[in-house]
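In case you want the letters, here they are:
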Amino acid sequence: MPSIVSARCCVSSGLARKAEVIFALTVFLLSAVGWTRAAGVIEGLPVTRVYPYEEIGDLSRGGSLTFDSLGRIAVVQNGAYFALNDNTWQDLASHQDNSVRIIQAASDADGTTYYGALGSWGTLQPEPDGKVHVSPLVPAGRPAWVAATNFTKILCAQGGVFFGGLNGIVFCNTYTGTRDFFELAGVAQLFELDGKVLVSSYVKGNYVIDLKRHRLVEADRSLFAGLTVNNAAAFGSDDLLVSTTGRQLLLYSDGKLGGFPGALPGRISGAISALQRLADGDIAVAVTNGGIYIVGRDGEIKLSLTGPEYGRVASLACNEAGVLWALTETAVIKILYGHPISVFNQSLGILVLWPQCVSWNGKLIIASNGHLYEPVAPDAGAPVHFRLVPELWRNGTWGVAVAGPWLLAGTSDGVFARQSASPFKLVSNLNVTRLVATNSTTCFAIGMDEIAALRFQAGKWQECAPRIPGVGFPAIVHAAKESVWIELGANRVARIALKSGRLESRILDSFPSRQTEWVNVSPLGDVTMLSGADGKRVYFNERTETISDAPELDRLIQRVPFPVIRMCKDDHGTYWASHAHGVSALRVAAAGGESETDYDLINEEIPLVEPLPGGDIWVTTGPSLYHLDSRKPVDAFADVRPVLVSLRDARTDTEIVRGGRPLLDSMRLPYSENALVLKFFAGTYRWRRPPNYEFSLNGRPWSTSRSTIEFPDLREGKYELGLRVNDDRGPVGSETHLVFSILPPWYRTWLAFLACPVAVAGLVFALIRFFVRRAEARNAQLEKVVAERATELKAAMQKLQIEAETTATLAERNRLAGEIHDSLEQGFTGLKLQLETTANFKSCSTEVKAGLGAALNMIAFSRKEVRHAVRNLHSPILDSVDLETALRQVVIQNMPEANHATIQTIGARTKLGSSVEHHLLRIAQEAVTNTVKHANANRVEIVLAFEAEHVQLTIRDDGCGFEPGAVLNGNGSHFGLPSFRDRASAMGGTVEIDCRPRAGTQITVRVPLAGTPT
């Protein structure tokens, strides 16, 4: 069949040609209508977040999903109990009692969490460290079958909780605390139906649990007809969807059990592993080796996920609209179903790398990574899959464009065009990198080396202007109203225009930003916006071809809270602004009102929005491709309200309060617990990225934080903590307020303040008493020291007085000796000379001479006595030498022969007072003189001994001796020995005289050193 291009060129050639054209158009319209039906349901994969077991913790196959008392998703498996707090998993199980390893858990409406284990069941209670421990409710008198039963089924019903295992069921009445045991082999499932609790058994059939009569009653056989129910989920309050062990999906409605309508039962090729009621009323069905299906009450399949990651789902869970959790063999998957953004990737048959999306004849065509893709009509609820366009080129397809009914593809071999179902035809041999159609008849072919303009004229596509040199690699191209813009790189863009049959290129490389950065191009009708990554922009007027202002666009852009990088406008007049945090839709109503909708693309940088005819929005960032369904509502998170997870004491790391309510009553905490760590949960998992928090303490400015907030050292007082969740735009949802008080320490309580004056007075009194006693003690010490110093001073004064008296006495004696020597002795000498002269006169008679002789004798005697007195009064020897030397001089004067006298000093020499030295010298002088005059001795020995406590002077001779008694008790003519006693007494010492006739004499003088006069 000839192509539609040929038919249009030859429309006037005859009826045969007209018939061909009519046939081709018919084929085109039918294909367009067929794809239009499919195009209305273009959906990609829902946004998901995969948590591998390695990220969660020590998990393996065989677990189950549940929700804890705070509404957080949790994984229970063989003793582990992992809960997800925003974006962090934590194991809540205590692991202290390894004899009970929980295998199932569920929470009732009031927040109590129950567990099931081998031979055990009960509640999970919080511990001070934030963990939970098992609190068994197993009575002592339990039946024997309980010990061998794994309680894997927990059903929280009105009035109590049912625990089911393979060997039977236990009912725990939460009001009375009683236990009912129902032994039943092969328990498969527990479920509620028409207000009754039923149990299905693999071997016994189905029974109703009759709590009033405490027994099992066989269910209506006509209803179940011997079927074993392994999963059940309710549609609302009346209808129930059940699956059987025989892979059947049945609907209970109006008291009857029948087949489930729709196409899903025909797709079930494996066992139904889980049924889960969704918050919006639909039910999720997990089929082994099949996938996950979300179905409505009428059997409509609203979402079909059949990838390999969904073929081994063991458990499903849901507690909020738009979020479905699936537990597989290797991971936990969060599925954000019903979201306006869907993802296209390799699992849908397309390799994504800077894709270009166009709508041709109502059908989506994508050029990506050198390939051309077209969608395959999907099954109901399934994402759209893609296949390669049958005609491919060996060097790849790098550009695609639609001009009217024509699809143009650019390759390294040239530009190819096709219309309807006709094959591609080469229309230009240019090596093409990008294609851009500016209208239904004009297309620009951009290559690295050359640029060409193609126009549909004369019934065919052909180049309509001479080629011009290329301007660089055309990374991203845009079609403006009358031109084509090329993003070339940092601070460089090009504009290509067709004027009067000629191509013109213009390079723009001067922009207001001082930094070198990529320039993004956004054609917006008559104005093209050129912007950098920092949001700085200029506008190019397509009519005047100059830089100009665009105040209306500036005002519109100001509504977006982030720097706008690119903008475009769709057929409905909606502006799409892309920025680093996603895409914002700005709608301008005819009445002048404006509205804004934000779409979060997680961490995709500077997305490129491609609006297609009919309002179909595609977003790409290079390696990613998203479809945005603007007809679906965006979750505004208006109901988000964070809840308190725990309040801990940072110093002891113990839990003070375990949360659960959005608003807590005022708490009173002791001052020892003023270092607090608060952990919060956002209350929802609808986030595409981890949420942030803002908190304000006592009305202070809001601060940004993660889910954990720390207050290391709070003063006493009342506190009100405001908490809210925020995203990049600002706060979302409502605030949570936590009111608590820090009690003052004991020393700052009112009792302490009352006792403070008493304590201060007592302290002052004690201090005064202390200082008084201290002063008294110091005074006593000072008095003692003063007394000691006074005693020492008195002794020193006495010693000084004695020394002064001695010195004065010696000085006076020396003076007297001098006076006597100078007066009396000289007088006696002169008188003797006169008398001798007189006696020698011839005229002197004999009687006169006799008288003069007597006078001379008297003068001689008196002179002798005077000399003796002078010698005793003055001893100048000690003025210049020590005592030992003075003793030697005395001995030498009296006994010139050196071998007749010896002097010996014993002990360490000690300085003696002048008085002591004087007396000892006089005693020695007198003793030596007596020895020479009276004893006729040959030898004299003098010993001066210095001992520890006294000094001793000993004088020994070998003379004739004498009787000491006769001398001491005589007539007073002997003055030497009595003077010894007087001098010894003056020194405070003693004298001993050892003398016998013809046996020599020894005189010993002992003087104490302490207290001797100086």
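The shown structure was predicted, so the numbers you read here are calculated from the model rather than taken from an experiment. (Residues numbered from 1 in each chain as written. Predicted model: local features only at pLDDT ≥ 70, side-chain atom pairs only at ≥ 80, totals over all residues. Heavy atoms only, no water.)

Our next topic: the overall build of the protein. In terms of regular secondary structure, the protein is built from 12 helices and 71 strands. For the protein, the share of sequence-separated contacts (at least 6 apart) that also reach a separation of at least 24 residues comes to 51%. (Helix = DSSP H or I, 4+ residues; strand = E, 2+ residues; numbered from the N terminus. Contact = heavy atoms within 4.5 Å.)

Before going further, it helps to examine the layout of surface pockets. Remark: the empty space left among the atoms is shown by a probe the size of a water molecule rolled over them. In this structure, the largest pocket spans a volume of roughly 1600 Å³. As for the largest pocket, its lining consists of 44 residues, and the residues nearest its centre are Ile154, Gln189, Leu275, Gln276 and Leu316. Per element, the largest residue contribution to the lining of the largest pocket is six residues, and it comes from strand β26 (residues 315-320). Looking at the lining of the largest pocket residue by residue, the class counts come to 24 nonpolar, 16 polar and four charged. Roughly 1200 Å³ of internal volume is contained in the second largest pocket. The wall of the second largest pocket is formed by 44 residues, among which Ala437, His478, Ala479, Glu610 and Pro611 lie closest to the centre. Looking at the lining of the second largest pocket, the elements with two or more residues in it are β30 (356-360), β34 (397-403), β38 (434-437), β43 (476-479), β47 (520-524), β51 (566-569), β52 (575-579) and β55 (608-612). For the lining of the second largest pocket, the leading source of residues is β55, giving five residues. (1 Å grid on protein atoms, 1.4 Å probe; cavity = no way out; pocket = protein on both sides within 12 Å on 5 of 7 lines; lining within 4 Å. Points joined across faces, edges and corners; volume = space filled by probe spheres on them. Nonpolar A, V, L, I, M, F, W, Y, C, P; charged D, E, K, R; others polar.)

Glancing now at the nonpolar core. The tendency in soluble globular proteins is for nonpolar side chains to be buried side by side. Membership of the largest hydrophobic core comes to 37 residues, with the highest contact counts inside it found for Ile56, Leu65, Ile73, Trp89, Trp325, Val332 and Trp576. Formed by 32 residues, the second largest nonpolar core is a distinct cluster that contains Leu278, Leu303, Ile333 and Tyr373. (Core = buried A, V, L, I, M, F, W, Y, C linked by side-chain atoms within 4.5 Å. Buried < 20%, exposed > 50% of the residue type's maximum accessible area, 1.4 Å probe, protein only.)

Spatially, four strands are ordered β59-β58-β61-β64 in an open sheet, and the strand pairing comes out antiparallel. Each having just a single partner strand, β59 (654-658) and β64 (708-711) make up the two edges of the open sheet. Ignoring strand direction, the axes of neighbouring strands in this sheet form an average angle of 25 degrees. Direction of pairing for strand β61 (residues 676-681) relative to β64: antiparallel, over a ladder of four bridges. Bridge pairing links Lys679 to Thr708 in β64. (Pairing = 2+ DSSP bridges. Axes fitted to C-alpha atoms, helices over the stretch in contact; angles between N-to-C directions.)

Of all five residues that make up strand β24 (residues 291-295), five are buried, and the element is covered over most of its length. In this structure, the hairpin formed by strand β23 (residues 283-287) and β24 is closed by a connection of three residues, where Asn289 is found at a positive phi of approximately 65 degrees. By the bridge criterion, four bridges tie β24 to strand β25 (residues 301-305) in an arrangement that is antiparallel. Among the inter-strand pairings, Tyr293 is bridged to a residue of β25, identified as Ser304.

Time to look at a nonpolar patch on the surface. Taken together, Val760, Val764, Ile768 and Val772 make up a surface patch of nonpolar side chains, about 310 Å² in accessible area. Along the chain, Val764 turns up in helix α7 (residues 750-839). On the basis of relative accessibility, which here comes to 40%, the residue Val764 falls in the partly exposed class. (Patch = residues over 30% accessible without salt bridge, like charges linked within 9 Å, V, L, I, M, F, W, Y side chains within 5 Å. Areas by Shrake-Rupley, 256 points an atom, 1.4 Å probe, with all protein chains shown as cover. Salt bridge = Lys/Arg side-chain N within 4 Å of Asp/Glu carboxyl O.)

Counting along an α-helix, one turn takes 3.6 residues, and residues three or four places apart therefore face a common direction. In this model helix α9 (residues 883-894) runs 17 Å from its N-terminal to its C-terminal C-alpha over 12 residues, within 8% of the 16 Å that 1.5 Å per residue would give. Among all positions of α9, only Leu883, Glu884, Ala886, Leu887, Val890 and Val891 are buried. An end-on view of α9 places all buried positions within 160 degrees of arc, on one side of the element. Among the exposed residues of α9, those pointing more than 90 degrees away from its buried face are Ile892 and Gln893. Buried residues along α9 sit against β67 (901-906), α10 (914-935), β68 (940-946) and β69 (950-957). (Expected span 1.5 Å × (residues − 1). Arc of directions from axis to C-beta.)

In this section: the pattern of salt bridges. All told, the structure shown has 34 salt bridges when counted by the stated rule. Residue Arg312 is joined to Glu329 by a salt bridge in which the shortest nitrogen-to-oxygen separation is 3.9 Å. Taken together, the residues Arg312 in the loop between β25 and β26 and Glu329 in the loop between β27 (323-327) and β28 (331-336) connect sequence positions 17 residues apart. In this structure Glu329 comes out as partly exposed when scored by relative accessible area, which is 29%.

With that settled, the discussion passes to the side chain of Gln189. Structurally, Gln189 is set in strand β14 (residues 187-193). Polar side-chain contacts of Gln189 include one of 2.7 Å to the backbone oxygen of Asn230. Filtering out sequence-adjacent residues up to four positions away, Gln189 remains in contact with Lys153, Leu198, Val199, Ser200, Val229, Asn230 and Asn231. (Polar contact = N/O pair within 3.5 Å; in protein donor to acceptor, adjacent residues only side chain to side chain.)

Our focus in this paragraph is the packing of aromatic side chains. Following the criterion strictly, the structure yields 23 aromatic pairs and no others. Plain terms: the ring middles of Phe695 and Phe711 are 5.8 Å apart, the flat faces sit at 85 degrees to each other, and that makes the pair edge-to-face. Remark: Phe711 occurs in strand β64 and Phe695 occurs in strand β62 (residues 692-697); sequence separation between them is 16 residues. Here the two residues Phe695 and Phe711 agree in accessibility, since each one is buried. Counting every residue linked through ring pairs, the aromatic cluster contains Tyr114, Trp121, Trp145, Phe151, Phe163 and Phe181. A cation sits over an aromatic face here: Arg49 above Tyr51, 4.1 Å from the ring centre. Residue placement shows Arg418 over the ring face of Phe424; its charged tip is 5.0 Å from the ring centre. (Phe/Tyr/Trp six-rings, centres within 6.5 Å; stacked < 30°, edge-to-face > 60°. Lys NZ or Arg CZ within 6 Å of the ring centre and 35° of its normal.)

The next point concerns the pairing of strand β32 (residues 371-376). As defined by bridge partners, strand β31 (residues 363-368) adjoins β32 across three bridges and the pair is classed as antiparallel. Across the sheet, Ala367 pairs through a bridge with Leu372, a residue of β32. The turn linking β31 back onto β32 is made up of two residues, and Asn369 within it adopts a positive phi angle of 55 degrees. For β32 and strand β33 (residues 385-388), the ladder comprises four bridges, and the chain directions are antiparallel. Bridging across to β33, Tyr373 finds its partner in Leu388.

Glancing now at the packing of α9 against α10. Relative orientation of the contacting elements α9 and α10 amounts to 20 degrees, with a least axis distance of 10 Å. For the element pair α9 / α10, the angle class is roughly parallel. Seen along the crossing, α9 lies across α10 with a hand that is right-handed. Residue-level contacts link Leu883, Ala886, Leu887, Val890, Val891 and Asn894 of α9 to Glu917, Leu920, Leu921, Ala924, Gln925, Val928, Thr929 and Val932 of α10. In terms of residue class, the contact of α9 with α10 is built from 10 nonpolar, three polar and one charged. (Parallel < 35°, antiparallel > 145°, perpendicular 65-115°, else oblique. Left-handed = near helix turned anticlockwise from the far one by under 90°.)

Of all residues in the protein, 89% have pLDDT values of 70 or greater, and the mean over the chain is 84. Of all helices and strands in the protein, the one with the weakest mean pLDDT is helix α1 (residues 4-9) (27), whereas β23 scores best (97). Between residues 1-39, whose pLDDT stays under 50, and residues either more than four places distant or in other chains, the model counts 33 contacts. (pLDDT = per-residue confidence, 0-100.)

An order of β18-β19-β20-β21 is seen for the four strands of this open sheet, with the pairing classed as antiparallel. Bordering the open sheet on either side are β18 (229-235) and β21 (256-259), each of which pairs with just one other strand. Across the sheet, the axes of successive neighbouring strands diverge by a mean angle of 25 degrees, strand direction being ignored. Relative to strand β19 (residues 239-244), β18 is paired through six bridges, and the arrangement is antiparallel. Across the sheet, the residue bridging to Ala234 is Leu240, located in β19.

The terminal C-alpha atoms of α10 lie 30 Å apart, and with 22 residues this matches the ideal 32 Å at 1.5 Å per residue to within 8%. Across the 22 residues of α10, 17 count as buried, placing the element largely inside the fold. Count one or two residues on from α10 and you reach Asn936, which has phi positive near 55 degrees.

As for its position among the elements, Leu887 is in helix α9. Residue classification places Leu887 among the buried residues on the basis of a relative accessible area of 1%. It is 9.1 Å that separates the C-alpha atoms of Leu887 and Leu920, two residues lying 33 residues apart in sequence. Every residue in contact with Leu887, bar those within four places of it in the chain, is listed here: Ile903, Leu921, Ala924, Ile942 and Leu953.

The next thing to look at is unusual backbone geometry. The phi dihedral of Ser420 falls on the positive side, at around 55 degrees, and the residue is not glycine. With respect to the element layout, Ser420 can be found in the loop between β36 (415-419) and β37 (425-428).

On to the side chain of His579, then. Its place among the elements puts His579 in strand β52. In terms of polar contacts, His579 uses its side chain to reach the side chain of Ser584, at 3.0 Å. Excluding its chain neighbours within four sequence positions, the residues that come into contact with His579 are Val560, Phe562, Pro563, Ile565, Ser584, Glu604, Ile606 and Pro607.

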